[in-house]
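Residue strings, one per chain:
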Amino acid sequence: MFMRRGISRSTTVGAAAALALSCALLSAQTVITPPDNKYTPAQDVELGRQAAQEIRQQLPLLDDEEVKSYVEGLGRRLAAAIPRELQHSEFRYTFDVVNVREINASALPGGPMFVNRGMIEKAHTEGEIAGVMAHEISHVALRHGTAQASKATKYEVGSVLGQIAGAIIGGGWGQVVSGASQFGFGAAFLRFSREFEKQADIEGSHIMADAGYDPRDMANVFRTIEQEGGSGGPQWMSDHPNPGNRVEYITKEAEKLQVRNPIRDTHAFEQVQAHLKRLPPAPSTEEAAKQRGRPTGTSGRDVPRPTGRVEPPSSRYRTYNEGNIFQVAVPTNWRELPSNNTVTFAPDGAYGQGIFTHGMEFGLARNESHDLQDATDELLASLAQGNPNLTRPSRYERVNIAGRPGLRTAVSNTASNGSRETIQVYSTQLRNGNLLYAIGVAPEQEFPSYRNVFDRVVGSLRVSE
Ligand SMILES: [Zn+2]
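Residues numbered from 1 in each chain as written. Predicted model: local features only at pLDDT ≥ 70, side-chain atom pairs only at ≥ 80, totals over all residues. Heavy atoms only, no water.

Visitor: Quick one: what's the story with the overall build of the protein chain, residue by residue and with numbers?
Guide: Broken down by element type, the protein chain carries 16 helices and 18 strands. When the 465 residues of the protein chain are sorted by exposure, 58% land in the buried category. Pairs at least 24 apart in sequence give 70% of the contacts found in the protein chain among residues at least 6 apart. (Helix = DSSP H or I, 4+ residues; strand = E, 2+ residues; numbered from the N terminus. Buried < 20%, exposed > 50% of the residue type's maximum accessible area, 1.4 Å probe, protein only. Contact = heavy atoms within 4.5 Å.)

As structure tokens, then:
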């Protein structure tokens, strides 16, 4: 059961960073200007509130006063250090601890933040936890979530607020509600552009310094997270891609900030780590999802689920126009299942709860490297976040897709129920460099009869951007 994913929205916001000299001897800290934003701070609050409500119902929150008050105390201290010009009176910074063992943290527009228990357990110092939280707080204060949505094309994110909320919860949302599959907690949130990442690093270093922490601990925690690894790499890194030279520019900024006697290890930090050791160990995100079973849906939606009874693809085809970006013809017995940022075509019985067993998904992905193969590698790495048993491609075939250079590769996946499936991936580029991809999924044994269908569907593609 292959997991669907939300695509990343493309943005081209320049990191508005200006250097100024405050005096002859000391260079001043880098000035960060929030990116353009079509939304109001009140809209940030509203969609963050909606998303937080669903997340609180779906994720296992750690109900432990000692841990909660420690993280809240740390969060309040950082939030109080947000510079005046980035404070929004509507915003409420809240801090929840998710009882899962992977290192991760996420923040929603308007202020709700979720810190994984694993983040606190694996940090070497309090400064490291502060580093991740200051980075997340900076995304919120700079309003990166809605700024990113402001830049997206209609197809990529949709125009109404509800869809933005959905985009932030992401294509991964179906994965969160699906007890059957693995899911990445971080997949439920926006993946930020590298420009926004750098802004959050720099602003976060200022907030840390003002709150009494050494910004170099932010660089340290990113190393800690990288070492955490796991199949497909740590989720946090996938949601917060390294803009390049991360450690170097944070270190440089830290030198300008000159924090004396920074807070590093505190008694409270040692106490909370010792306390966590005495609690039953945190489950993995995957285990937590299984333990929670299959929620029937908090909004009463009757979510279909794959039944395994699937008709073979019809030999007749129907054409769909997707957001004036592309046209594609698919077997007439496949349904069009638009998601927030992707569209899946699948027969009845083959889809539901964020997964599909037979069919094809189309989506767009940001391509900052502008190299087709690099972008396709990145796409596959992000697919592996939600599908930990996905193999890596051994080679790419060069193919023609809609008159453009394209790539095709097949990989295999073992779903959490043990069934094996073959995934055929196609990619090409839009004129703006972003990746248009198609993912064909079929059970391994049925793949030989689906391969030609996938090729025929992709052969029908007409791309207008
Ligand atoms: Zn980030």
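Now, onward.
Visitor: Give me the lowdown on the sheet that holds strand β6 (residues 112–116), citing residues and values where you can.
Guide: Taken in spatial order, the three strands line up as β4-β6-β5 in an open sheet, and their pairing is mixed. At either end of the open sheet lies a strand with only one pairing partner, and these are β4 (94–98) and β5 (105–107). In this sheet, neighbouring strand axes are inclined to one another by 15° on average, regardless of whether the strands run parallel or antiparallel. In the sheet, β5 pairs with β6 via three bridges, with the strands oriented antiparallel. Looking across to β6, one finds that Ala105 is bridged to Val115. On the sheet, helix α2 (residues 65–79) packs against β4 and β6 and is oriented at approximately 140° with respect to β4. Sitting on the sheet, helix α4 (residues 126–141) is in contact with β4, β5 and β6, with an inclination near 20° to β5. (Pairing = 2+ DSSP bridges. Axes fitted to C-alpha atoms, helices over the stretch in contact; angles between N-to-C directions.)

Visitor: Talk me through the nonpolar core; I want residue IDs and the actual numbers.
Guide: Of all hydrophobic cores here, the largest spans 50 residues; its most connected members are Val71, Leu78, Tyr93, Ile120, Met133 and Ile137. Counting residues per element, this core draws most heavily on α4, at eight residues. Excluding residues that lie within four positions of it along the chain, Ile137 makes contacts with Gly75, Leu78, Ala79, Ile82, Tyr93, Phe95, Met113 and Ile207. In this structure, Val328, Val330, Tyr426 and Val453 belong to the second largest nonpolar core, which totals 26 residues. (Core = buried A, V, L, I, M, F, W, Y, C linked by side-chain atoms within 4.5 Å.)

Visitor: For the packing of aromatic side chains, give the residues involved together with the corresponding values.
Guide: Aromatic ring pairs are defined here through the distance separating the ring centres and the angle between the ring planes. Inspection of every chain in the model, using the stated rule, returns six aromatic pairs. Residues Phe326 and Phe362 carry aromatic rings whose centres are separated by 5.4 Å and whose planes lie at 35° to one another, so their mutual orientation is tilted. One end of the pair, Phe326, is in strand β8 (residues 326–331); the other, Phe362, is in strand β13 (residues 359–365), and 36 residues separate them in sequence. Like Phe326, the residue Phe362 is buried in the burial classification. When the centroid spacing of 6.3 Å and the interplanar angle of 45° are considered together, the rings of Phe447 and Phe454 count as tilted. Comparing Phe447 with Phe454, the two get one shared label, buried. Site record: aromatic cluster; members linked through ring pairs are Tyr320, Phe326, Phe345 and Phe362. Residue placement shows Lys198 over the ring face of Tyr249; its charged tip is 4.7 Å from the ring centre. (Phe/Tyr/Trp six-rings, centres within 6.5 Å; stacked < 30°, edge-to-face > 60°. Lys NZ or Arg CZ within 6 Å of the ring centre and 35° of its normal.)

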